Amino acid sequence: AKGAGKGRWRRYQPAVHAAVLQRIELRAALEQAVADLDFTVAYQPIVGVESDATVGFEALVRWRHPTLGLVSPDEFIDVAEETGLIEPIGDWVLQQAIAAATRWPGTPYVSVNVSARQFRAPGFVENVRKELLAANLAPTRLVLEITERLLLRDDEQVWLDLTGLRELGVRIAIDDFGTGFSSLSYLQQVPIDILKIDKSFTATVASSARQQAIVDGIVRLAQTLSLDVVAEGIETAADRDLLRDIRCPYGQGYLYSHPLDPDDIDGWLRFERDT
Ligand code: C2E
Ligand code: CA
Ligand code: CA
Ligand code: CA
């Protein structure tokens, strides 16, 4: 049903790749961008695989470069990590995402990427709590996406912070699940709620029996551990149909929608409700 209205939604994709930027140049330009807050956040719908209904949105940062246009985070997150700029950028994205969610009709959640460095910065949990309180957003409407990398070291503070966030009601997702080369033993004890299956597994799920077995295995594993699952990178109806067969509960990808301009979210949700 949603396909019919597809043309109405602006694609909010980075237009240019900044690979042309030298690293040094990139660093200086990024510092300036942080000072000027030259960023914007796009929101990609996360949907029920069976129902097609939107349950939440992933917040994805873009850099509004004066000459290059919208630059993809893949081009600057690494440098932002190295320089520590990820902390102000990440805090700003969190604030934007929480504010945006308060304006959406209904109660979809917002899912925010948090880099390991940002998570480990002193006061992170307290900052999340303060932002939720200031915006008056229910903590249950916030998901934080972390990577396996954060869990690699057996760091007690990380464990305590994850527990603290969950006690607030915030949910924790493991992003890019299955790509971190880590042992699965952390799943026994780490306090998490959601596994996001990396798009490298989803991409060929309809055509590869091996990928099917992997995705099916992750979904069963999550079920057993009472975790939710989101398959990312769903691009074709064939992928979607297969994920339905596997009974993967949630999905995200270009098949449903590209990341959307914040101004289009309201329309997206109302359109969905009316069709
Ligand atoms: P991610 O967290 O794995 O986000 C999913 C990426 O896949 C996004 O790229 C999204 O636009 C893209 N995508 C969505 N559907 C499809 C699909 O069907 N096919 C394909 N091929 N790709 C799809 P994007 O927005 O360029 O972000 C790239 C990465 O940058 C993210 O990967 C995430 O790791 C990082 N990132 C984005 N925003 C933030 C942020 O605010 N903070 C931090 N720390 N990292 C961020
Ligand atoms: Ca993510
Ligand atoms: Ca991901
Ligand atoms: Ca990724």
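How each quantity is defined
Sequence positions are assigned chain by chain, starting from 1 and proceeding in written order. A letter from A marks each chain and a number from 1 marks each ligand, given out in the order of writing. Where local features are concerned, this predicted model is filtered to residues with pLDDT of at least 70; where side-chain atom pairs are given and counted, the filter is 80 or more; whole-chain, interface and lining totals use all residues. Each side-chain value is derived from all of the structure's non-hydrogen atoms; neither hydrogens nor water enter the calculation. We call a residue near a molecule or strand when any one of its heavy atoms sits within 4 Å of it. Under the rule applied, a polar contact is a pair of N or O atoms within 3.5 Å (in protein, one hydrogen donor and one hydrogen acceptor; residues adjacent in sequence only if both atoms are side-chain atoms). Using the Shrake-Rupley algorithm and a 1.4 Å probe, accessible areas are obtained, with residue cover drawn only from the displayed protein chains. Going along the chain from the N terminus, every DSSP run of H or I of four or more residues is numbered as a helix, and every run of E of two or more is numbered as a strand. For this scheme, ten residues count as nonpolar: Ala, Val, Leu, Ile, Met, Phe, Trp, Tyr, Cys and Pro. Four count as charged, namely Asp, Glu, Lys and Arg, and the remainder, Gly too, count as polar. Only nitrogen, oxygen and sulfur atoms qualify as donors, and only when within 2.8 Å of the metal (3.2 Å in the case of Na, K and Ca); with water excluded, sites may look incomplete. Note on classification: 1.4 Å probe, protein chains only; a residue is buried when its accessible area is under 20% of the maximum for its type, exposed when over 50%, partly exposed between these limits. To pair, rings of Phe, Tyr and Trp, with the six-membered ring standing in for Trp, must have centres within 6.5 Å; the planes then decide the type, stacked if under 30 degrees apart, edge-to-face if over 60, and tilted in the middle. Lysine and arginine charges are scored as sitting over a ring when NZ or CZ, respectively, is within 6 Å of the ring centre and within 35 degrees of the ring normal.

You'll find the chain entered in an unreviewed UniProt entry as GGDEF domain-containing protein, with Phytohabitans rumicis given as the organism.

1. Some words on the site of ligand 1
Close contacts around ligand 1 come from 23 residues, with R62, D175, K199, E235 and Y254 the closest. For ligand 1, an oxygen atom lies 2.9 Å from a polar atom in the side chain of R62. Out of a free accessible area of 810 Å², ligand 1 has 86% covered by protein chains. Contributions of two or more residues to the shell around ligand 1 are made by β2 (54-65), α3 (86-103) and β6 (171-177). No other element matches β2, which puts 4 residues into the shell around ligand 1. For the shell around ligand 1, the residue count by class is 9 nonpolar, 6 polar and 8 charged.

2. Observations concerning the coordination of the calcium ion (ligand 3)
Protein-derived ligands of the calcium ion (ligand 3) are D175 (OD), D176 (OD), E232 (OE) and E232 (OE), with the metal-ligand distances lying across 2.3 to 2.5 Å. In terms of primary sequence, the donors binding the calcium ion (ligand 3) are separated according to D-D-x55-E. In this structure the calcium ion (ligand 2) is found 3.8 Å away from the calcium ion (ligand 3), and D175 serves as a bridging donor for the pair. A relative accessible area of 8% means that D175 is categorised as buried.

3. Some remarks on the packing of aromatic side chains
Summed over all chains, the structure comprises 6 aromatic pairs. Pairing F39 with F76 gives two aromatic rings, centres 6.0 Å apart and planes at 45°, and the pair type is tilted. Placement of the pair is F39 in strand β1 (residues 39-48) and F76 in the loop between β3 (69-71) and α2 (77-83), with a sequence separation of 37 residues. Across this residue pair, the class does not change: F39 and F76 are buried. Seen in terms of ring centroids, F119 and F124 are 5.2 Å apart; in terms of plane orientation they differ by 45°. Their pairing is tilted. Accessibility classification places F119 together with F124 in one group, the buried group. A connected cluster of aromatic rings, assembled from ring pairs, spans F39, W63, F76 and W92. Directly above the aromatic system of Y109 lies the positively charged group of R171, at a separation of 4.9 Å from the ring centroid.

4. Quick notes on the coordination of the calcium ion (ligand 4)
Around the calcium ion (ligand 4), the donor atoms from the protein are D176 (OD) and D176 (OD), and they sit 3.0 to 3.1 Å away. Taken as an interatomic distance, the gap from the calcium ion (ligand 4) to the calcium ion (ligand 3) is 3.8 Å; D176 donates to each of them. Relative to the helices and strands, D176 is located in strand β6.

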